[in-house]
Amino acid sequence: MINTPEGQYILNRLKTELPEHFYYHNVDHTLDVYHAAASIAEKENINEFDKRLLLVAALYHDSGYLNQIKDHEKASCDIAREALPDFGYTGEQIDHICAIIMATQLPQQPKNQLEEIICDADLDYLGRADFISTGDKLYQEMKALGNITDKKAWDALQISFLTQHRYCTKTAVENKEPKKQENLRALQNKHLLPK
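Residues numbered from 1 in each chain as written. Predicted model: local features only at pLDDT ≥ 70, side-chain atom pairs only at ≥ 80, totals over all residues. Heavy atoms only, no water.

Peer 1: Go over the overall build of the chain with me, naming the residues and quoting the values.
Peer 2: Looking only at helices and strands, one finds ten helices and zero strands in the chain. Secondary structure elements in the chain, listed N-terminal to C-terminal, are α-α-α-α-α-α-α-α-α-α. Radius of gyration (C-alpha) of the chain: 17 Å, near the 16 Å computed for a compact globule of 195 residues. Its C-alpha atoms put the chain at 60 × 35 × 25 Å along the principal axes. Here the chain, with 195 residues, has 49% of them falling under the buried criterion. Partitioning the intrachain contacts of the chain with sequence separation of at least 6 by distance along the chain shows that 65% fall at a separation of at least 24. Working note: accessible area of the chain is about 10100 Å², and carbon and sulfur atoms make up 52% of it. Positive and negative side-chain charges in the chain, numbering 22 and 30 respectively, have mean positions lying 7 Å apart. (Helix = DSSP H or I, 4+ residues; strand = E, 2+ residues; numbered from the N terminus. Rg over C-alpha atoms; globule rule 2.2 N^0.38 Å. Buried < 20%, exposed > 50% of the residue type's maximum accessible area, 1.4 Å probe, protein only. Contact = heavy atoms within 4.5 Å. Areas by Shrake-Rupley, 256 points an atom, 1.4 Å probe, with all protein chains shown as cover. Lys, Arg positive; Asp, Glu negative; His and termini not counted. Charge placed at Lys NZ, Arg CZ, Asp CG, Glu CD.)

Set out below in structure tokens:
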């Protein structure tokens with residue numbers, strides 16, 4: 001889907017139109033979510049038609065940041081509704097894509113398997129070895145936007161988020177949950193050590 005006209009359209013917009021202070025919510029994150037969604041969909045035996053809708057949703061899921069931060073998921077759906085008819089998508093397909101996009105809104109409340117997959121793909125990095133470096137990009141972005149003040153507050157936010165987060169799919173529970181718990185313990189231990 002990355003090389004399709006609808007994929008290239010949104011990736012080019014993300015590359016060229018997003019402000020520089022989006023250190024995390026940028027084209028790299030979009031591609032990360034796309035690849036994670038494709039991988040989970042493969043392991044969960046999703047059919048080709050549904051996988052296509054899922055992957056389009058992954059490419060468009062944070063495009064709303066082009067227009068606004070608050071309620072960016074709804075803004076992403078607005079962009080999808082505007083762009084995708086030109087690429088041959090029906091109203092029904094776009095409704096389905098938008099439902100998948102809206103599932104990424106926090107707190108996540110997916111209602112079906114495709115929504116579960118995109119939720120797990122969106123937060124895939126929580127259970128990976130690059131958790132700290134990827135999280136640092138989100139910290140830099142939140143700091144630039146004035147949403148967080150320092151690393152201590154960031155670590156506390158991450159510990160709280162990791163403690164409450166649950167992966168949905170069998171694939172993510174098996175493949176990401178153990179490393180996520182390890183990442184959580186590392187953060188908690190960091191604050192137990194004497195300064």
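Peer 1: I'd like a description of the packing of aromatic side chains, backed by residues and values.
Peer 2: Taken as a whole and judged by the stated rule, the model has five aromatic pairs. For the ring pair phenylalanine 22 and tyrosine 65, a centre distance of 5.3 Å and an interplane angle of 65 degrees mean the geometry is edge-to-face. Here tyrosine 65 lies in the loop between helix 3 (48-60) and helix 4 (72-83) and phenylalanine 22 lies in the loop between helix 1 (5-17) and helix 2 (27-43), a separation of 43 residues in the sequence. The exposure class assigned to phenylalanine 22 is buried, which follows from its relative accessible area of 5%. Note on tyrosine 125 and phenylalanine 131: the rings are 6.0 Å apart at their centroids and 20 degrees apart in plane angle, and the pair reads as stacked. Since its relative accessible area comes to 5%, tyrosine 125 is described here as buried. For phenylalanine 131, a relative accessible area of 1% gives the class buried. (Phe/Tyr/Trp six-rings, centres within 6.5 Å; stacked < 30°, edge-to-face > 60°.)

Peer 1: Pulling in residues and values, what's your account of the packing of helix 1 against helix 2?
Peer 2: It is the contact of helix 1 with helix 2, at a shortest axis distance of 9 Å, that shows an interaxial angle of 150 degrees. Mapping the contact onto sequence places Leu11, Leu14 and Lys15 in helix 1 and Val27, Thr30 and Leu31 in helix 2. When grouped by side-chain class, the residues that make up the contact of helix 1 with helix 2 number four nonpolar, one polar and one charged. (Axes fitted to C-alpha atoms, helices over the stretch in contact; angles between N-to-C directions. Nonpolar A, V, L, I, M, F, W, Y, C, P; charged D, E, K, R; others polar.)

Peer 1: Tell me about the environment of glutamate 73, and please be specific about residues and values.
Peer 2: In this structure, glutamate 73 sits in helix 4. Every residue in contact with glutamate 73, bar those within four places of it in the chain, is listed here: Ile101, Met102, Thr104, Gln105 and Leu106. Looking at glutamate 73, its side chain comes within polar contact range of the side chain of histidine 72, at 3.3 Å. (Polar contact = N/O pair within 3.5 Å; in protein donor to acceptor, adjacent residues only side chain to side chain.)

Peer 1: Just give me the short version of the packing of helix 2 against helix 6 (residues 113-122), but keep the residues and values in it.
Peer 2: In contact at an axis separation of 8 Å, helix 2 and helix 6 are set at 130 degrees when each is read in the N-to-C sense. The angle between the axes of helix 2 and helix 6 places the two elements in the oblique class. In this structure, helix 2 meets helix 6 at a crossing whose hand is right-handed. Of the residues in helix 6, those touching helix 2 at His29, Val33, Ala36, Ala37, Ile40 and Ala41 are Ile117, Ile118, Asp120, Ala121 and Asp122. (Parallel < 35°, antiparallel > 145°, perpendicular 65-115°, else oblique. Left-handed = near helix turned anticlockwise from the far one by under 90°.)

Peer 1: Got a sec to walk through helix 2? Specific residues and values, please.
Peer 2: Relative to the 24 Å expected for 17 residues at 1.5 Å per residue, helix 2 spans 25 Å between its end C-alpha atoms, a close match to the ideal helical length. Of the residues making up helix 2, those classed as buried are Val27, His29, Thr30, Val33, Tyr34, Ala36, Ala37, Ile40 and Ala41. Downstream of helix 2 by a residue or two, asparagine 45 has a phi angle that is positive, lying close to 55 degrees. (Expected span 1.5 Å × (residues − 1).)

Peer 1: Provide a residue-level description of the environment of phenylalanine 131, including the pertinent values.
Peer 2: Among the structural elements, phenylalanine 131 can be located in helix 7 (residues 131-144). Put simply, phenylalanine 131 and asparagine 183 are 52 residues apart on the chain and 7.3 Å apart in space, counted from C-alpha to C-alpha. Discounting residues that sit within four places of it in the chain, phenylalanine 131 has contacts with Tyr125, Leu126, Gln158, Leu162, Asn183 and Leu187.

Peer 1: Give a detailed account of the side chain of threonine 104, specifying residues and quantitative values.
Peer 2: Note that threonine 104 resides in the loop between helix 5 (91-102) and helix 6. Judged by its relative accessible area of 4%, threonine 104 falls in the buried class. At 2.7 Å, the side chain of threonine 104 and the backbone oxygen of isoleucine 101 are in polar contact. For threonine 104, the residues in contact, after removing those within four places along its chain, are His61, Glu73, Ile118, Cys119 and Asp122.

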